[in-house]
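Geometric and topological summary
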Amino acid sequence: MKRIRRISWLLFMVVAAGIAAIILFLNQRYIAEQQLGLARQVELLQTQVLPKVTATKLPRALLQKWQRQQNVHVAIFDARNQLVFPVGGPQADLIDSVVAFQSKTAATKREQIRVASRAQTAYLFSQKPWTFVLYTPQHNLWQPFWPQGVHLLFAVLGLSLLSVLIFRGYTRWERHSLQRVQRQLAKVGAPQPTPAVLLKPTDHYFALERAVTHVDQQLQAQTALAQNEQHNFNRFINHLTIGVLLLDETGDVVAHNPAAATMLAQQLSDQPHSYLNDVHHFALSRLIKHALNQQKSQHTTVRLVQPQERYLDVNVVWMKAQALQATYQVAVLLYDITPVKQIQQMQLDFVSNVSHELKTPVTSILGFTETLLAGAQNEPEVRQEFLTIIAAESKRLTALIQDIIALSRGQQQQLQVAPVNIKQTVTNLLVPLQQTIDTKQVTVQLNIAATAQLQTDPHKFEQVVKNLLINGLSYNRQGGRLTVTAEKKAAQWQLSFSDNGLGIAADDQVRIFERFYRVDKARSHHQGGTGLGLAIVKELVTALGGQVRLKSQLGVGSTFTITLPEKIEA
């Protein structure tokens, strides 16, 4: 823009200088024509007036008349350079020119002189004894039209000023349009769309503004697409059940998901930070370090003990470098295999416990049977004792097999929903247990409304109640108390089995519902338990859509509470 202004001013000055030079040249031609015209008037003077001039006489009246007719001034000097015509004329202004003229040999002379401080065109010639000077004011080319010239000059200056103002306004408008486009361009890439600049189609920057708007729209679309993809990616990893840590090539964590924070038991920062701030397990941190140093994927299984025991299957994946710089270079994938480890351990424990539980009664039955066959059967007292033991072990073996079958069926059989009267069911199940109640002198109290009713599977419900009644009687103290309470809360029934028996230690309460787990194996064998009763209770209650809780204190008693929905779907 500055260059355009400079060029415009230069052209303006060149044109103005050219016009001035042309005017001066024409003015010189005009002055030359004035001199030629004065020479012709000299010829007229010589032919019309000078014949009447003598050495002693000047026709003053004729000279004055001739001056008026020709519109020219005449001055006559004598040989002593004294002005003799007109009297009192501009002698002082002409005397120098006359003296210079008379000192030359030339008879005539045309020159420009100044008379009364004005430029004059003069013609000097001599006729003894007089020296004649014809002069007239010099006129420039513009002088005859001086008033019009002033107006023309002001008009030209006004038009020039108007042109300059128009040009400056145009350049300012152009500069304003350019500045608006520059401000628009500076906002390209901002989070918010850049407002369009409204320019006329005739504006020089209209095409540029359209291009900037198009680029901004394309950039906004690409930014929105990238943000949407990033949002979808974040949603994806946040809902993964596996832990994810994404690291750059320097080992800084640039992204993670809640599952990783849960597995590592750490509060992970959303800002990039070193993986050592989050990974405090030596084997895991060494695995990540090897992957970064060797640029090779790693895999292992680690065991975390704080704040709780957890097994993690760890895959540290090194992603090959691409042509473009990537944000993520290493992906740490954490699979929580704790439930798998627990199931494996439970399977091993189950096989071991089943083998042990089956071995004990079978060994007793086999040993006493072999003893009887070896001759002990001939002794009535010994035979009766051995047969009693064989029968008890057979019953225990049968109960164990039935519990295993019940445990299996509880997970596989479909529900058969029917109305169940809670108090009637509990009362019926106490009948076969009456001998145990009488033997241990346990007081049984039922706090159950006669109209209490469930829509559930009767068989599974009976097994749950039966096992809890047996547990409450078997592990109660002599002369103890067993209270069964049923309360309706909203759309659920809450059944509590409270005893004032031996109670369960806090460490054992966590595992009391595991299969074959016994608080005191010797005492459990003495009580005839199989170690599956409470495991069956938990499995069946879960199948019925409920929950089971335990509240116990060692030496004070225990309360088992089951919560079942009032009605379940088959």
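The structure presented is a predicted model; accordingly, all values stated were derived computationally and were not measured. (Residues numbered from 1 in each chain as written. Predicted model: local features only at pLDDT ≥ 70, side-chain atom pairs only at ≥ 80, totals over all residues. Heavy atoms only, no water.)

1. Here we look at the sheet that holds strand E11 (residues 330–336)
With antiparallel pairing, 6 strands are arranged side by side in an open sheet as E8-E7-E6-E11-E10-E9. Two strands lie at the open edges of the sheet, namely strand E8 (273–274) and strand E9 (298–304), each paired on one side alone. Taken together, the 7 bridges between E9 and strand E10 (residues 310–318) define a ladder with antiparallel strand orientation. Opposite Gln298, over in E10, you have Val316 as the bridge partner. Sitting on the sheet, helix H7 (residues 282–294) is in contact with strand E6 (243–247), E9, E10 and E11, with an inclination near 165 degrees to E9. (Pairing = 2+ DSSP bridges. Helix = DSSP H or I, 4+ residues; strand = E, 2+ residues; numbered from the N terminus. Contact = heavy atoms within 4.5 Å. Axes fitted to C-alpha atoms, helices over the stretch in contact; angles between N-to-C directions.)

2. Side note on a nonpolar patch on the surface
Among the surface-exposed residues, Val15, Ile19 and Ile23 lie close enough to one another that they form a single nonpolar patch of about 250 Å² accessible area. Checked against the element boundaries, Ile23 lands in helix H1 (residues 2–48). (Patch = residues over 30% accessible without salt bridge, like charges linked within 9 Å, V, L, I, M, F, W, Y side chains within 5 Å. Areas by Shrake-Rupley, 256 points an atom, 1.4 Å probe, with all protein chains shown as cover. Salt bridge = Lys/Arg side-chain N within 4 Å of Asp/Glu carboxyl O.)

3. With respect to the packing of aromatic side chains
Two numbers describe a pair of aromatic rings. These are the distance of the centres and the angle of the planes. With the rule as written, the count across this model stands at 0 aromatic pairs. Its end group placed over the ring of Tyr311, Lys341 keeps NZ or CZ at 5.5 Å from the ring centre. (Phe/Tyr/Trp six-rings, centres within 6.5 Å; stacked < 30°, edge-to-face > 60°. Lys NZ or Arg CZ within 6 Å of the ring centre and 35° of its normal.)

4. Focus on the nonpolar core
Counting residues in each nonpolar core, the largest one holds 40 residues, and the members touching the most others are Ile422, Leu469 and Ile562. Discounting chain neighbours no more than four positions away, the residues touching Ile562 are Val464, Leu468, Trp493, Gln494, Leu495, Phe497, Val541, Gln547 and Val548. Counting 25 residues, the second-largest nonpolar core is a separate cluster that includes Tyr275, Ile288, Val302 and Val316. (Core = buried A, V, L, I, M, F, W, Y, C linked by side-chain atoms within 4.5 Å. Buried < 20%, exposed > 50% of the residue type's maximum accessible area, 1.4 Å probe, protein only.)

5. Some details on the packing of helix H12 (residues 458–474) against helix H15 (residues 533–543)
When two helices pack together, their arrangement is captured by the angle between the axes and the distance separating the axes. Where H12 meets H15, the closest approach of the two axes is 9 Å, and the angle between their N-to-C directions is 150 degrees. H15 is crossed by H12, and the crossing has left-handed handedness. Residue-level contacts link Lys460, Gln463, Val464, Asn467, Leu468 and Asn471 of H12 to Gly533, Leu534, Ile536, Val537, Leu540 and Val541 of H15. Grouping the constituent residues of the contact of H12 with H15 by class yields 7 nonpolar, 4 polar and 1 charged. (Left-handed = near helix turned anticlockwise from the far one by under 90°. Nonpolar A, V, L, I, M, F, W, Y, C, P; charged D, E, K, R; others polar.)

6. Description of helix H2 (residues 60–70)
For H2, the set of buried residues is Leu63, Trp66 and Gln67. End-on, the buried residues of H2 take up no more than an arc of 105 degrees, which puts them together on one face. Exposed residues on H2 whose side chains face more than 90 degrees from its buried face are Ala61, Arg68 and Gln69. Of the residues flanking the end of H2, it is Asn71, one or two places downstream, whose phi is positive at about 55 degrees. (Arc of directions from axis to C-beta.)

7. With respect to the environment of Ala452
For Ala452, the position within the fold is in the loop between strand E13 (443–447) and strand E14 (453–456). By relative accessible area, which is 1% here, Ala452 ends up buried. Taking the C-alpha atoms as reference, Ala452 lies 6.0 Å from Asn421; in sequence the two are 31 residues apart. Ignoring sequence-local partners within four residues, the contact set of Ala452 consists of Val420, Asn421, Ile422 and Trp493.

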